[in-house]
Protein chains: 2
Amino acid sequence: MTIKLYCFGESGNAYKAALTLELAGMDWEPTFVDFFNGETRGSDYRTDINPMGEAPVMVEGDVRLTQSGVIQDYVVERTGRLGGGTDQRREILRWILWDNHKLSGQAGMTRFLMNFLPEDKRPAEVIGFMQGRLKAAYEVLDAHLGSRDWIVGDDVTIADLSCCGYLYYPEPFGFDRADWPNIDAWLDRIAALPGWKHPYDLMPRSKPEAG
Amino acid sequence: MTIKLYCFGESGNAYKAALTLELAGMDWEPTFVDFFNGETRGSDYRTDINPMGEAPVMVEGDVRLTQSGVIQDYVVERTGRLGGGTDQRREILRWILWDNHKLSGQAGMTRFLMNFLPEDKRPAEVIGFMQGRLKAAYEVLDAHLGSRDWIVGDDVTIADLSCCGYLYYPEPFGFDRADWPNIDAWLDRIAALPGWKHPYDLMPRSKPEAG
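Residues numbered from 1 in each chain as written. Chains lettered and ligands numbered in written order. Predicted model: local features only at pLDDT ≥ 70, side-chain atom pairs only at ≥ 80, totals over all residues. Heavy atoms only, no water.

Looking at an unreviewed UniProt entry, chain A carries the name Glutathione S-transferase, with the source organism given as Profundibacterium mesophilum KAUST100406-0324. In its Sequence similarities (unreviewed entry) section, the UniProt record describing chain A reads: "Belongs to the GST superfamily." (UniProt positions renumbered as here; feature names shortened; annotations may be inferred.)

### Things to note about the environment of Ala-124 of chain B
Mapped onto the secondary structure, Ala-124 of chain B falls in helix H5 (residues 124-144). Distance in space between the C-alpha atoms of Ala-124 of chain B and Asp-155 of chain B is 39 Å, their sequence separation being 31 residues. (Helix = DSSP H or I, 4+ residues; strand = E, 2+ residues; numbered from the N terminus.)

### Considerations on the UniProt feature "domain: GST N-terminal" (unreviewed entry) in chain A
Summarizing the sequence annotation, UniProt attributes the feature "domain: GST N-terminal" (unreviewed entry) to residues 1-83 of chain A in the numbering used throughout. The straight-line gap between the two end C-alpha atoms of residues 1-83 of chain A is 23 Å; of that span, 37% is helix and 22% is strand.

### Looking at the sheet that holds strand S1 (residues 3-7) of chain A
Residue and element names in this part refer to chain A. In space, the four strands of this open sheet follow the order S2-S1-S3-S4, with mixed pairing throughout. Two strands in the sheet have a free side with no partner beyond their single neighbour: strand S2 (28-32) and strand S4 (63-66). Pairwise comparison of adjacent strand axes, ignoring direction, gives a mean angle of 20 degrees for this sheet. Note: S1 against S2, five bridges, orientation parallel. Across the sheet, the residue bridging to Lys-4 is Glu-29, located in S2. Across the sheet, helix H1 (residues 12-23) is in contact with S1 and S2; its angle to S1 comes to roughly 155 degrees. (Pairing = 2+ DSSP bridges. Axes fitted to C-alpha atoms, helices over the stretch in contact; angles between N-to-C directions. Contact = heavy atoms within 4.5 Å.)

### Re the side chain of Arg-111 of chain B
Residues and elements named next belong to chain B. Inspection of the secondary structure puts Arg-111 in helix H4 (residues 89-115). In terms of polar contacts, Arg-111 uses its side chain to reach the side chain of Glu-171, at 3.0 Å. Here Tyr-200 takes part through its side chain, which lies 3.3 Å from a polar atom of the side chain of Arg-111. When neighbours within four sequence positions are excluded, Arg-111 is seen to be in contact with Glu-10, Phe-116, Tyr-166, Tyr-169, Glu-171, Phe-173 and Tyr-200. (Polar contact = N/O pair within 3.5 Å; in protein donor to acceptor, adjacent residues only side chain to side chain.)

### Here we look at the relation of the copies chain B and chain A
Each copy superposes on the other: chain B lies on chain A with an RMSD of 0.0 Å after a rotation of 180 degrees and an axial shift of 0.0 Å. Taken together, these values place the two copies in the relation of a two-fold axis. Comparing interface residues between copies, 100% of those in chain B also lie at the interface in chain A; the contact surface is shared. (Least-squares fit on C-alpha atoms with pLDDT ≥ 70 in both.)

### Details of unusual backbone geometry
All names here are of chain A. The residue after Ala-55, namely Pro-56, is reached through a cis peptide bond having omega 5 degrees. One can find Pro-56 in the loop between helix H2 (43-49) and strand S3 (57-60). Even without being a glycine, Gln-67 presents a positive backbone phi close to 80 degrees.

### Some words on the packing of aromatic side chains
This model, assessed by the stated rule, comprises 30 aromatic pairs over all chains. When the ring of Phe-35 of chain A is compared with that of Phe-36 of chain A, the centres are 5.1 Å apart and the planes differ by 90 degrees; the resulting orientation is edge-to-face. Owing to a relative accessible area of 23%, Phe-35 of chain A belongs among the partly exposed residues under this scheme. Seen from their ring centres, Phe-36 of chain A and Phe-112 of chain A are 6.3 Å apart, and the 10 degrees between their planes marks the pair as stacked. With Phe-36 of chain A in the loop between S2 and H2 and Phe-112 of chain A in helix H4 (residues 89-115), this residue pair connects regions lying 76 residues apart in the sequence. The class for Phe-112 of chain A is partly exposed, based on a relative accessible area of 27%. Joined through ring pairs, the aromatic side chains of Phe-8, Phe-35, Phe-36, Phe-112 and Phe-116 of chain A make up one cluster. Positioned above the aromatic ring of Tyr-169 of chain A is the side chain of Arg-111 of chain A, whose terminal nitrogen or guanidinium carbon lies 3.7 Å from the ring centre. Here the guanidinium or amino end of Lys-207 of chain B rests over the ring plane of Phe-36 of chain B, the centre of that ring lying 5.0 Å away. (Phe/Tyr/Trp six-rings, centres within 6.5 Å; stacked < 30°, edge-to-face > 60°. Buried < 20%, exposed > 50% of the residue type's maximum accessible area, 1.4 Å probe, protein only. Lys NZ or Arg CZ within 6 Å of the ring centre and 35° of its normal.)

Written as structure tokens, this is what we have:
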């Protein structure tokens, strides 16, 4: 049975799930969510797809999962891939939680405010504040990657595929790979994995005209 | 062996871990982290305690864990309590991830900006923006609790103890229990559990003078 992933190209949270499905070799296909025309805010989506009003959502038969970290956990269980060793499960969860809170959580919002709101509605104080918070997150990740190739253990895991969720996008949000050499090299390592795809090549875009 | 929890009373993230340890009946004690005097930002803390520069941190012998959700997961495994049924593990993780991103992640920051920064340094635009984002999170949680007593299944789990992390504090951050009757009743249910304590009764405070 082909897994359906409700997603759209601009969502780094959806990318985490899509990239995990792809690199684990699962049979999946995207179902486009028209986020920028309000689909996730509508009552149909909240009633039928996800009461949290978020993408991604994964459906396989009777299994319906939301939150990228939960979908990643499911893929690890189904395939035995990308989950590290059994003694690494909790360290992987640590980085996924950190990413959801401090890295992707804030990067996704900042990128949205800077690129997908009309220019006259972009809140400069919020953007500046968020960029400061994000700088602290980049520092933590760059320092961690200074002495290792992957976030946990000796191989790629879902912790890497979570933390990289927003870091390949071309739209500016205050993150410049040149400022963070260890993150930069790690992003190259992920992109060199067999089957890796850029988010805009893996999922349909809402705003293909945007860049 | 007594578990040490690096924490401070004002941290709702630490409260999630402390309340989980307490309600699961574990032998633990707080180790005070002087957050407001910069302890978590110092190089000693980052080198010796947590490179992420965050509280809480739990230490039991050779085991050192950070991220409240990871500590909660450990307590469930050690005690068999507060983890729901085996078929509920992923739904619990879903709500903990949502909480870290959308509820506690944003509530903690907003409360900090509104109460623990000097009055002339409080960024009004950021606070207003965050309160709007938080309102959407309260709506999701209140609707979910409209038809059930606990977030997952028929009993209290670590999902409840995660989502309530910032909701008992007296300092204003735009959350008024009277506006959210289902959240209000659920907070009363948690507070009625044997052994429940308010964060300021469970952990030492950095700023006991503040209210």
